Amino acid sequence: MRDKLYAYLKSQKTGVTSNELVEQVLKIKGSPPVISEKLICTAIEGDRRFALDEHRLWRIVEKGGIPLSEAEFALISLLTIERIDKLRVIVEISAQKLKGGKITERFHTVINHSSSVIPSLQLPADIAQEIKECGVPIERAVRSLLNFIGDAVLVGYDIHSLINQLNLILQKSNEDIENSLLCLKHLTKRLIPDLYQKSLNEAASFLKLPIIDVQRTENEICTIAEIFSRYVELLKKEGFGTVEEILEFQYPNIEYVDFRKYAFDKNFLWAIPQKPGVYKIKNKGGEVIYVGKAKNLKSRVSSYFCNTADRVEKVADILNNVYTIEYEETGSELAALMKEFRLIKQYQPKLNQQLEVHERAVRYGNLKNFVLILPSSAEMSLDLFFLREGLPLQQYEILKEAVNFSEVERILDSMYFNTVGMNCCLPTQAKDNENFNNFPKNPYESPFSKGELMELTDVEIGEIDIALSWVDTNKDYINYINVDTVGNKDRCLKLLKDYIHDEETLQKKHFRVK
């Protein structure tokens, strides 16, 4: 139906009323204007190819994509050193964020590998000294980089090789980098075809830029920034105005996807938001054949239809069966993970069974009872996740300007404090309480059941494990209150109120009580 609406609108030179679309496309006569508009809104929900203008006329959004001037880019450089056994390890990472052609933030770190790795590296004296003074473990360095880059388009001279190295580090936590990738090496081949070797220094020399004589990432990142700036100007002169256009341009001689067999086109992909969320891929019969989650919906969903030279079999299976795609934004990656888990349980899509299934990490031991504070998909709202060992996870969305604190207090009571039955005691405080023997020894036993086992469903247990695993991986970059150490309900409630009313952004404020 969306395709029919799209085709009809595309055939019209001016905007079209909801009534006309209902009569001509839906074949419904005599519908009141308000009902007609609701019908059309329902029919095209989530499809950003359609726009309703100020005169209540429907129009087609002809050109999607993010203008280059509004896009955020993150330039990345890695320094690797060869070990005695010829394997290469990352010892330094630098990055810069750019928006509107200006540097907005910088990132730099050196890696302190284990004592078994360091002796096998022949490190330059300056790097060795810096590592000794301020080096960090590789997992922490990569996690810090992920926090820095956010949703930016990633730019590097050989960016795909670079991201593959970083993804190897992330394999332990079953993650990978989902951002869109812009490869300066590919762009060099397209923009300067006569340049033979096309190395970073050769591209710099051709553009009359300084040659890198000291191999440090901070030097390389400056050269990358200069080359990228020059290429953007060349691309603009060639008529490229959006991120999506240059992402597509960088790959020569690839097999482009034929969108005519799908119920959507490239504009639909370009309009997908760069937000966390889940997506459902359906076949022509309406069956859900694949469910996925993404930190960046736009990048992940679009990746199935771009750069088909690198396409693997699993993507080919999706392309051969997909007809429609539906997506839903979530406020955070955790919410997306949990939504994906529930949808897979609900639909049991056949391609999810055939493709990779990531094992969930086991529960960890330090943080057990806490309130997690994350962004919500709704504007000016937050998601609160209440986790208590032995109880089902609870999620509650709050509007920052109109918080229902009575409901928050009720959840705190029922999850942690149980002021009626347990005299406000917390698990870590229970040893001094006469009811200590009533606290469960089984990890899935209710703390309020006086020793009786609380039956949790597989879905509830799965949600708890997903949340604990995700928090353990991201605990240095998220906001939470550790209820075990907070003291009492009033203190916990005050901390929540302080956080909710704080003007600082979630990305900048690290609000924890450990």
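This text follows the structure it describes.
This write-up is about the structure you can find in this document. (Residues numbered from 1 in each chain as written. Predicted model: local features only at pLDDT ≥ 70, side-chain atom pairs only at ≥ 80, totals over all residues. Heavy atoms only, no water.)

### Focus: the overall build of the protein chain
Then, number 1: Scanning the protein chain from terminus to terminus reveals 19 helices and 15 strands.
Then, number 2: Residues classed as buried in the protein chain amount to 51% of the 514 residues present.
Then, number 3: The long-range share in the protein chain, meaning contacts at least 24 apart out of those at least 6 apart in sequence, stands at 64%.
Then, number 4: Accessible area for the protein chain stands at about 26,100 Å²; split by element, carbon and sulfur atoms hold 49% of it. (Helix = DSSP H or I, 4+ residues; strand = E, 2+ residues; numbered from the N terminus. Buried < 20%, exposed > 50% of the residue type's maximum accessible area, 1.4 Å probe, protein only. Contact = heavy atoms within 4.5 Å. Areas by Shrake-Rupley, 256 points an atom, 1.4 Å probe, with all protein chains shown as cover.)

### Let's talk about the packing of helix 5 (residues 138-149) against helix 6 (residues 159-170)
Then, number 1: Running from N to C, helix 5 and helix 6 point in directions that differ by 120 degrees, and their axes come no closer than 10 Å. Considering the angle they form, helix 5 stands oblique to helix 6. Pair helix 5 / helix 6 crosses with left-handed handedness. Seen from helix 5, the contacting residues are Ile138, Glu139, Val142, Arg143, Leu145 and Leu146; seen from helix 6, they are Leu166, Ile169 and Leu170.
Then, number 2: Counted by class, the contact of helix 5 with helix 6 contains 7 nonpolar, no polar and 2 charged residues. (Axes fitted to C-alpha atoms, helices over the stretch in contact; angles between N-to-C directions. Parallel < 35°, antiparallel > 145°, perpendicular 65-115°, else oblique. Left-handed = near helix turned anticlockwise from the far one by under 90°. Nonpolar A, V, L, I, M, F, W, Y, C, P; charged D, E, K, R; others polar.)

### Overview of the nonpolar core
Then, number 1: Core analysis: the largest hydrophobic core is formed by 33 residues, its most contacted members being Phe73, Leu75, Leu182, Leu184, Ile227 and Phe228.
Then, number 2: Every element with two or more residues in this core is listed here: strand 3 (72-82), strand 6 (153-156), helix 7 (184-191), helix 8 (200-206), helix 9 (217-237) and helix 10 (243-249).
Then, number 3: If one sorts the elements of this core by residue count, helix 9 sits on top with 8 residues.
Then, number 4: The contact partners of Phe228, leaving out residues within four places of it in the chain, are Phe73, Leu75, Leu98, Val155, Leu182 and Leu184. (Core = buried A, V, L, I, M, F, W, Y, C linked by side-chain atoms within 4.5 Å.)

### Some thoughts on the pattern of salt bridges
Then, number 1: One pass over the full model with this rule turns up 24 salt bridges.
Then, number 2: A salt bridge links Lys298 to Glu244; its shortest N-O distance comes to 2.2 Å. Placement of Lys298 in helix 12 (residues 297-303) and of Glu244 in helix 10 is noted, with a sequence separation of 54 residues between them. For the residue pair Lys298 and Glu244, the accessibility class agrees, reading buried in each case.
Then, number 3: A salt bridge links Lys280 to Glu326, with the shortest nitrogen-to-oxygen separation between them at 3.7 Å. Of this pair, Lys280 sits in strand 8 (residues 277-282) while Glu326 sits in strand 10 (residues 324-329), placing them 46 residues apart in sequence.
Then, number 4: Among the charged side chains, a salt-bridge network with shared partners connects Asp176, Glu178, Lys293, Arg300 and Glu333. (Salt bridge = Lys/Arg side-chain N within 4 Å of Asp/Glu carboxyl O.)

### Overview of the sheet that holds strand 8
Then, number 1: Pairing is antiparallel across the open sheet formed by 3 strands, whose spatial order is 9-8-10. Edge strands, defined here as strands with exactly one partner in the open sheet, are strand 9 (288-294) and strand 10. Strand-to-strand twist in this sheet, taken as the mean axis angle between neighbours without regard to direction, amounts to 15 degrees.
Then, number 2: In the packing of helix 14 (residues 333-347) onto the sheet, the strands contacted are strand 8, strand 9 and strand 10, and the crossing angle to strand 9 comes to about 165 degrees. (Pairing = 2+ DSSP bridges.)

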